[in-house]
Structures are given as C-alpha cells and as structure tokens.
Amino acid sequence: MSYRSNKRQYEDHGRRERDRTFQRHNDRFSGDFGNNDSNAQNYNDRGHDAATTSMMIFIQQRNLGKLIGRGGSQIRALQEETRTKITIDRNAGSYEQASVTIHGTRADQQQAWNAIKDLVGGGTSSQKDNSVPKTEEVIDFTNFDWSKATKECEEYQKQVWATLPPIRKDFYKEDSHVTNMSKKYVADLRKNNNNIEVKHVFENEENSADEMKIPNPVETFEQAFKDYPDILEEIRKQGFQKPSPIQCQAWPILLSGRDLIGIAQTGTGKTLAFLLPALIHIDGQATPRTERTGPNVLVMAPTRELALQIEKEVGKYSYHGIKAVCVYGGGNRKEQINVVTSGVQIVIATPGRLNDLVQAKVLDVSAVTYLILDEADRMLDMGFEPQIRKTLLDVRPDRQTVMTSATWPQGVRRLAQSYMKNPLQVFVGSLDLAAVHTVTQRVYLIDEEEKKDMMLHFFQEMGPNDKVIVFFGKKAMVDHISSDLALSGIHCQSIHGDREQCDREQALEDMKTGYVHILLATDVASRGLDIEDITHVLNYDFPRDIEEYVHRVGRTGRAGRTGESITFMTRKDWSHAKELMNILEEADQEVPEELYKMAERYEAWKKKAELEGRGRGGFRGGRNRYRDGL
C-alpha cells in the first residue's frame, strides 16, 4: 500500500510521530483504556526473546465496541491470549476509522490480527468468512521509512499551501512617542505595569534583526490603534481608561504580525489582548470575505463556559460586520452547523466539537490565518492535545499564532515549539505559580464530618451583597448538597459536566444577575467564568492539584476588587500542604501552624514509605495502604 494512496492516514500519523520525536509505537503503553500494568509486565517479563515490532490496523469506529468488550474485558483477554500489547487511538485514522496498534513479535501480531478479524468481520455480520472487511486496513510499520514519509508529507503540504493566497500580518505603525522611548523608560514602564517581562522563547540564530527586535509597550489606546478609529470608538464605548499590563505589551507584538505566548492569570484582559488585533487582521486581508473558504480566526478554548465567554466578549465589539460563532459539545450541533456554513469570520470552539466538524467537512480551517489557543495549559490538562494537533494539520503553517496560559508547564512549551514561529513570550507578574494578591486566603484544618456544618455557618453569615462559588471534587456531591440546601430553604444554583448546557448557562446567568448568591460547582467552573462580583470562594474539597487551587482562588478578587478564599483541608489532603504553604507565603497570607506540621509529617512519611517500598514492591503500595487506613 503506497504512502500517497493513503496520504491522509500517513500524514496524520507521520506528523504526530515527528512531533513526538519519532517515538515508535512500541514505546507507548497507554491507550483509551488506561494502563494495564499486568499485561505490560507480562510483555516485559518475556525477556524480548524475539524481536518486537509494531503493526497498525485501521478499523471502523463502529466496530470498536466488539474489540473492546464490556468494561474492556474483550481487549484484555485478547492481549493475554496473544501475548501482545494493543493500543487504540480513535483520532488517528479518518473520520470513520480508528487505529489499532499491536505490539509484539511478528507471530504474536499475526495471531492478534487474526483474532481481531474474527471479532470485527465474523459472527453475525454479513461477512461470509472471517476475512477483514474491505474498509479495514492493516499497515505494518516494521520497515517503514519514517524519514521518507516525513519528507513526502512536508512536500505534499507545501504543494497544498502554495495554492492559497498570501497572508497580510503587519498592521502596526509605531507611534513616535513609543519609538522614542529610552531603554530605561521602557524598563521602568514594564516594571511598574505589574512587572511585565518579554523575551524570545526559543533561540534561533537564523532570525533577522527585525525578528529579534522586541516592540516597546504602549501606554494608551491611541498609541496602539491611532490608525483604526473604529476600534478606538468601540473601546470608548466600553468605558476602559487605559490598557491592562498584558494589553500594553501584547498589542504592538500582535499588530506587527508576530507570534505571541501570553502568560498571565485569568481576569487580566487576555481576551481583549488577542481579540482587537484579530478584528484588524480579518478586515485587512486582500481576499474579499465572500471568496474566503472559511473563517480567518480560530479560537480554541478548553471549556464551553470559556468559549461562550469569549463569544460574549466578541459580541461587545461591532467592527465592519465581522461575525463570530461558538461551537461546543453539548450545544445544538445542527444550529451550530447552520451558522458556520452561513459564513463567519471568527470560530470559537472547544477541541472536541471543532475536530468533529472539521472531520465531517462542515468546517474548513484551511483559511485560518490567525489562531488562538486560549488557556492552553487547561486544554492539555483535560487531555485535548491529540485533538489540537489533529486539527492544526489542516491549518496553514504560515498563520499567526497566539497562545495564552496561566502557567508554563512542559506540555505547553512542547506545543509552542511545535506550532509557533519564533514566538515572543509576555508574562505578567511571575512565572512562578501564585494566587492573586487581592484575595485573602484562609485555610481551616478540620475533619471530613465538620465540613457541612462549617459551610452552612458560612452561608448564614453571608452579607446581602456577597456571592460565593463552592467547589467540590465530585459531581455527585454537588447534586447531593444542592438537594439538601433546597430542602433547607437555601436558594442556590449548581454547575458540573453532567448538567445540560442550558442548565449550566442558566446557573451562570442567575449568579450574574444576583438571582442567586450561591453557586455549587466542580472544577469545570474554576477557569473561564467571568463573574466579576464574586466575593468568596469556598473550597469544600481540596482540588486535585495546586494549579487548580490557584485558578479557583482566581474566581474572586477580579477586575481590581478584593475577595476571600476559604479552604477546608483534612488529613487526606496532606500531600498538598507544602505547596499550599508556598502559595500562602508568596501572597503574604497567614499560614496555620498545623499546616507546617502537616507538611513535616507528610515529608517524613514519604521518606519512610520510599525506604519500605524498595523492599515491598514499590512506593505505590505504601501510599495506598495509608489511604485505606483513613
């Protein structure tokens, strides 16, 4: 089977492999069903007495259920029987196909493949024999030439992109006052604007002097948009007094056509920082809008709430008839398709629904020339990296790319390195994880049984203008507490991933209007919600990691207001004690003495468990024994 006859499959697979440093499939021991430690161990214990290879099969998505079995029972039995490791990637094939990769010796691979043919091609189907259906394909990557495939992929992409019209990116005419700023003035301006720092992320000796130059920040809206009076008029309508720290540095960079990574906490004006240059970018392209094959601007966001919030922000600015649509899972797919196909310039989307519409050929992203990955760290935390990478294969590589993030973990750096060209990084405050300083953080170390009474006491003490978001670790707990409060006559709303989209939107609207003052939520609400007058955050359950704690705290103290965060901690949360201490100390907050002791006890226990674990099969068992004893 030639590469070109299956260019879509090879292109997807080859690009993904190149982005992962050509790691072979037999290095992967994870799939849609998580890690199967026993099978992986059996595989390793064989001592590799025969050469292990990888075989990739493309099968129909509808046949996956037969292969997986109830609760994964079928695929586990198949792996044990054939002594192979089988991984599934639902996004690696075409829209209707998934890839199944078999790791093992050639003989074991063939045995597994024969068994899979029996499962998906035999039984009660219309197949007269157990041969693989015509739509199912098998690719043996044992002797596959990855270098050649990559070159062919790149050559094919060049031919595709060469037919598209050129992009105009540079719309910036620097104000004379900005041009004449001294280095000391620029340094002081950045320092006084919440300690702005700007730098090149990746060193590249091939860059020209213009590419290496970092634009000076602006101090006023007029300095950034003096050539765009309609934009200035829209800004005046919103009543803003001056640019936020990230805006004053981001606008000169983005209007110049440069790629940008913006690192700042939520509520700092990041959306407007990338939105206004996007409007100018759309209007400034040479190709008439009626001749464009799709939207010029694509915004990818991790949650429905954030995507809808961005759409609402776009709706505040009327600029030359530019239209936007928000597409997300849980929304009416038919209505979203109708709007997309009617002609829009901006698409705001969650990765799953976006990938769905692209694969269904409803949405053409080849015309996207301005790409925004908003809350990139959150998208990676939620496991959207495969969907992001797959979608970006269809977006022209000479686009302008913007990435925003509240943190700068390794995964975000890897994504930036793969898809951005000589980006400038602008970060406000510090790259160190920190909670906003306008929030008073209080921590209470209590028993699990005390939580509900303390929460009810807090509700009783709330003032008439107070609003609180209460965070829980589980959706079932949100529903349980919501029911209890309703029976007690306490008016509240709730939001989590299993609620219908209309109910989630109504819950947010009730909080914004003040119809209710209590919102019960899971971490789906920790990012992307823009309710400016939240006065309190109550962490009923401690979050899964310290990054999520910071984002929860950031729901209050927004837009220059003050706020208060209350956190309940129990013994089972002791692994977070040291990191929480660092956050509190950095923000000059009171640190309970018991929190120091909890951190010391955890560190001592961890060292002891590590020593014991070396002789008892590992550290994990010790940790689980502690949890079982709580």
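The structure this text deals with has already been given above.
Residues numbered from 1 in each chain as written. Predicted model: local features only at pLDDT ≥ 70, side-chain atom pairs only at ≥ 80, totals over all residues. Heavy atoms only, no water.

K.L.:
Sorry if this is basic, but what is going on with the packing of helix α13 (residues 270-283) against helix α14 (residues 304-315) here?
P.N.:
For any two helices packed against each other, the geometry is given by the interaxial angle and the distance between the axes. Look at α13 against α14: their axes get within 11 Å of each other, and the N-to-C directions meet at 55°. Classed by the angle they form, the pair α13 and α14 counts as oblique. Like other packed secondary-structure pairs, α13 and α14 cross with a definite hand, here right-handed. On α14, the residues that touch Thr271, Leu272 and Leu275 of α13 are Ile310, Glu313 and Val314. A class-by-class count of the residues in the contact of α13 with α14 yields four nonpolar, one polar and one charged. (Axes fitted to C-alpha atoms, helices over the stretch in contact; angles between N-to-C directions. Helix = DSSP H or I, 4+ residues; strand = E, 2+ residues; numbered from the N terminus. Parallel < 35°, antiparallel > 145°, perpendicular 65-115°, else oblique. Left-handed = near helix turned anticlockwise from the far one by under 90°. Contact = heavy atoms within 4.5 Å. Nonpolar A, V, L, I, M, F, W, Y, C, P; charged D, E, K, R; others polar.)

K.L.:
Help me understand unusual backbone geometry, please; the structure alone is not making it clear to me.
P.N.:
Note: most peptide bonds trans; most residues except glycine with negative phi. Positive phi outside glycine occurs at Lys361, with the angle close to 65°. Tracing the backbone through its elements, the reader meets Lys361 in the loop between α16 (351-359) and β10 (370-373). Of note in the backbone geometry, Asp588 takes a positive phi value of approximately 55° without being a glycine. As for its placement among the helices and strands, Asp588 is situated in the loop between α24 (577-586) and α25 (593-615).

K.L.:
What's the story with the packing of helix α15 (residues 333-342) against α16 in this structure? I'm lost.
P.N.:
Following both chains from N to C, one finds α15 and α16 inclined at 65°, their axes separated by 12 Å at the closest point. Where α15 crosses over α16, the two elements pack in a sense that is right-handed. Taking contact as the criterion, the partners of Arg333, Gln336 and Ile337 in α15 are, on α16, Arg353, Asp356 and Leu357. Among the residues forming the contact of α15 with α16, the class breakdown is two nonpolar, one polar and three charged.

K.L.:
Explain the side chain of Gln493 to me, please; I cannot follow it from the model alone.
P.N.:
Considering the arrangement of structural elements, one finds Gln493 in strand β15 (residues 493-495). Among the polar contacts made by the side chain of Gln493, one reaches the side chain of Asp510 at a distance of 2.8 Å. With residues near it in sequence (within four places) discarded, Gln493 still touches Arg499, Gln506, Ala507, Asp510, Val516, Ile518, Leu519 and Leu520. (Polar contact = N/O pair within 3.5 Å; in protein donor to acceptor, adjacent residues only side chain to side chain.)

K.L.:
Explanation requested: a negative patch on the surface in the structure shown.
P.N.:
Judged by side-chain charge, Asp447, Glu449, Glu450 and Asp453 come together as a negatively charged surface patch. Inspection of the secondary structure puts Asp453 in helix α20 (residues 451-461). Since its relative accessible area comes to 56%, Asp453 is described here as exposed. (Patch = residues over 30% accessible without salt bridge, like charges linked within 9 Å, V, L, I, M, F, W, Y side chains within 5 Å. Areas by Shrake-Rupley, 256 points an atom, 1.4 Å probe, with all protein chains shown as cover. Salt bridge = Lys/Arg side-chain N within 4 Å of Asp/Glu carboxyl O. Lys, Arg positive; Asp, Glu negative; His and termini not counted. Charge placed at Lys NZ, Arg CZ, Asp CG, Glu CD. Buried < 20%, exposed > 50% of the residue type's maximum accessible area, 1.4 Å probe, protein only.)

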